[in-house]
Every structure is written in structure tokens, then in C-alpha cells.
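Structure assessment
Next come the chains, spelled out residue by residue.
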Amino acid sequence: MQSLYLAGLDIGGTKVAATISDINGPLARITEPTAKTGTERALGEQGIRLLKEACAKASVNFDSIDTVGVSSCGPFIKQDNLISLVAPNICGGINEHSDLPNRWKSVPLESVLREQFGTVVIENDCVSALAAERAFGALQQADNCAYVTWSTGIGFGLCVDGRLLRGKNGNAGHAGHMLMSEDSRAQCGCGNFGDVEAMISGRNLETQFGHSSAELFNAARAGDSKAKAIADESAKWFGRALFNVTAVLDIGQFVIGGSVWQHHGDWLLPQVMQEIETRLPALTSGVTLLNPGLEAYVADIGALYLVMSHDWLDAWRKRQAWHQFDRLPVHESQ
Ligand SMILES: [Zn+2]
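Residues numbered from 1 in each chain as written. Predicted model: local features only at pLDDT ≥ 70, side-chain atom pairs only at ≥ 80, totals over all residues. Heavy atoms only, no water.

**Focus: the overall build of the chain**
- What the chain contains, in helices and strands, is twelve helices and 13 strands.
- In summary, the chain has a C-alpha radius of gyration of 20 Å against a globular reference of 20 Å for 334 residues, a match within 12%.
- Within the span of the chain, comprising 334 residues, buried residues form 54% of the whole.
- For the chain, the proportion of contacts with a sequence separation of at least 24, taken over those separated by at least 6, is 61%.
- For the chain, the computed accessible surface area is about 15,100 Å², with 48% contributed by carbon and sulfur atoms.
- Side chains of the chain carry 27 positive and 37 negative charges; the gap between the two charge centres is 1 Å. (Helix = DSSP H or I, 4+ residues; strand = E, 2+ residues; numbered from the N terminus. Rg over C-alpha atoms; globule rule 2.2 N^0.38 Å. Buried < 20%, exposed > 50% of the residue type's maximum accessible area, 1.4 Å probe, protein only. Contact = heavy atoms within 4.5 Å. Areas by Shrake-Rupley, 256 points an atom, 1.4 Å probe, with all protein chains shown as cover. Lys, Arg positive; Asp, Glu negative; His and termini not counted. Charge placed at Lys NZ, Arg CZ, Asp CG, Glu CD.)

Next comes the structure, spelled out in C-alpha cells:
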């Protein structure tokens, strides 16, 4: 029998969101900029503190909560079999030239959360987004599918034969770091030159061209020829990345999320499909690109889904409980 309440954490490079839910849907959600100062324990402690605040908002006794699902940016490593984050946008000690206000080499997330909670399940954010889309969203009938985000970074969550892929440290799906071009001088946060993320992520487009991805794609759509050339290149590399993943894993459906696709996917789609469909029809025929079913709260929903029982799943489906995220008041931690 599952307890009456579950906790969820969505940990990104810029913000952390903490949600408390019952079987009928989320009750309270609190967000705060991601902790990046103090000791390596700061992020785990922030998660616990925000969940406490969310409990207070929802009038739930914090001590009654024993289970937390976590959707987090990666990569992960395992230390004593517990997951630590080695994310370049949180840990300032990974890259010599990092501008982050800490020198952390890793963040011991699971061990700190386990001091408070009996059950802790942590997955990469694209893996939990994929799980949520399969449970409640656009991929409910799909067994060979992927969730892809094209925003600040590029990430994949992968499912083959109905099984989510995790890998030795939970890092399966870091296909944004696939090396694509020897000629590119674009550098990714991971250190690589010419990987997918280096060439087309929102963050790296801005570094390369001095304009945000929104400005670039808007200018391209308005007919600016220089911006159009950059957008065409970006669509090409993105399409090739999807082709490569299709060739390796025989994927049938991709759900594409993230801010770049959300705003410009309609316009980029034909060029991206061109890169997929013109190659090896035995592998690519019938491959479809779908919009997310869950949109803004997919990571929060995914975090809770990771620790849900079948009873909760049924109840959430019956009530479409995920829509309740849209109705929650916005709380930013004081
Ligand atoms: Zn990279």
C-alpha cells in the first residue's frame, strides 16, 4: 500500500521545482534557482527544504513522506552505488574555465536525499519525461520511441521493446554529445567540439552567433538570409541526430520538446524530416515526430511517475490529474 503522499523533485541547471502530490493530483509546487554555492551537499539539502515548504503550503505533515522521485539533469556517476550528479552546468569543478561560483566535482544527491527518505528514485530528466509521455502523454501506445529536448541543451530519453534504456550509470540517451563534425569550431559545455549540442543547442547558438536562439530563428523566419542559413544548418544537424538514433535503435516515434522546438518546430519540421526520410527507407519509413502531450510540467510529472503505484496510475489517468499542475498557484521560495 502506497503512502498517502508522494514527493517529486525536478532539478535543472537553472531551477529546482518541488512538488507534493496525493492520488488525485499535485497539491503544491515550489520553485527556486538551483543551489550552486556552499558545500556539495547544498543541492540535496535544497531539495529537502523545498519539499518541506511545499508540504507546508499543502498542509501535509512532512514527516509522513517517505518516497521521492527525482528528474534531474545529468550526467550521473555512481559513488558507493548511489547516484551523484556530474553536471557541467551545476558543478564548477569539472571544467577548468567554468564561470560557476563553486569548485564542485560532483553533487552527492542520492546520499543526501536518503538521509531523509526511505525510497529515492533518480532518473535523467529526458528519461523521466519519456516515462511520463508513455504513461500519460503522446506515447501511450509506443514501445520503440524517444523523448528529445531541443532547448538550452540537447537530450534524449530512449525506449526499445517497451523498456526504458538506462545504461551503466543511468546516462543512456546523452546523444546530444554524439560527435558530428570535424570541421566545427563550436564547443559544447562537455568540452567536445562539433557535437550536436555544441552546434545547435540554444546555449551554444548564442555563444557562436551572439544572438539568442529565439532571435536567430525569428530572424530566419522573417527572411534574414544569414539567420536562415544558421537555422537550415541547425535543422540539418538535428535531423541527422534523429536519423543516427533511428539507425542504432530502430525508433518509430519521437516526441520533441524544449523551447526551440516548441516555438519553431512547425517551421523546422520539413527540413528535419528530409534528413531522416531520404536515407535508408528500410529503417526510416514511418518514423514520426510528435509534439509532447504534457508540455511544461513533463519533468515534474515524470518525477512523480517514477515512484507511483498502479493504483495511483489508474487514478491519475481517470482524472487526468496532470492538468492540475496548470491550476496550482506559483510559489517561489522566499
Ligand atoms: Zn557535448
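Next, the rest of the story.
**Topic: the sheet that holds strand E8 (residues 145-150)**
- Pairing is mixed in the open sheet, where five strands are placed in the order E10-E9-E8-E11-E12. Only two strands of the sheet have a single partner each, and these edge strands are strand E10 (163-164) and strand E12 (288-290).
- Where E8 and strand E9 (residues 154-160) come together, six bridges link them in antiparallel fashion. Bridge pairing in E9 places Tyr147 opposite Gly157. (Pairing = 2+ DSSP bridges.)

**A short note on the pairing of strand E5 (residues 76-79)**
- Note that E5 and strand E6 (residues 82-85) share four bridges and pair antiparallel. From the neighbouring strand, Lys78 faces E6, where its bridge partner is Ile83.
- Turn length for the E5-E6 hairpin, with the two strands adjacent in sequence and antiparallel, is two residues, and the turn residue Asp80 shows positive phi of about 50°.

**Describing the coordination of the zinc ion**
- Within the protein, the zinc ion binds to His177 (ND1), Cys188 (SG), Cys190 (SG) and Asp195 (OD); these donor distances fall in the range 2.0 to 2.3 Å.
- With four donor atoms in place around the zinc ion and angles of 102 to 115° between them, the coordination shape is tetrahedral.
- The sequence pattern describing where the donors of the zinc ion fall on their chain is H-x10-C-x1-C-x4-D. One end of the pair, His177, is in the loop between E10 and helix H4 (196-200); the other, Cys190, is in the loop between E10 and H4, and 13 residues separate them in sequence.
- On the basis of relative accessible area, His177 is assigned to the partly exposed category, the value being 25%. (Donors = N, O, S within 2.8 Å, 3.2 Å for Na, K, Ca; no water. Tetrahedral: all angles 85-135°; square planar, octahedral: opposite > 155°, others 65-115°.)

**Details of helix H11 (residues 310-319)**
- Among the residues making up H11, those that are buried are Trp312, Leu313, Ala315 and Trp316.
- Against strand E1 (6-11), strand E2 (15-22), strand E3 (25-33), helix H3 (125-136), helix H10 (298-305) and helix H12 (324-327) lie the buried residues of H11.
- Directly beyond the C-terminal end of H11, a positive phi value near 50° is found at Gln320.

**What about the nonpolar core?**
- Formed by 38 residues in total, the largest nonpolar core has its most connected members in Trp150, Phe156, Phe238, Leu242, Phe254, Val272 and Leu289.
- Top contributing element to this core by residue count: helix H7 (residues 225-249), with nine residues.
- In this view, Phe254 contacts Ala146, Val148, Phe156, Leu242, Val245, Thr246, Val287, Thr288, Leu289 and Leu290; residues no more than four positions away in its chain are not counted.
- Listed in part, the 37 residues of the second largest apolar core include Ala42, Phe62, Cys73 and Leu109. (Core = buried A, V, L, I, M, F, W, Y, C linked by side-chain atoms within 4.5 Å.)

**Focus on the packing of aromatic side chains**
- Evaluation of the coordinates by the stated rule reveals nine aromatic pairs.
- Here the aromatic rings of Phe136 and Tyr305 are separated by 6.1 Å at their centres, their planes lie at 90°, and the arrangement is edge-to-face. With Phe136 in helix H3 and Tyr305 in helix H10, the pair connects residues that are 169 residues apart, well separated along the chain.
- Classification of Tyr305 by relative accessible area gives partly exposed; the value is 25%.
- Just above the ring of Trp237 sits the side chain of Lys236; from NZ or CZ to the centre is 4.9 Å. (Phe/Tyr/Trp six-rings, centres within 6.5 Å; stacked < 30°, edge-to-face > 60°. Lys NZ or Arg CZ within 6 Å of the ring centre and 35° of its normal.)

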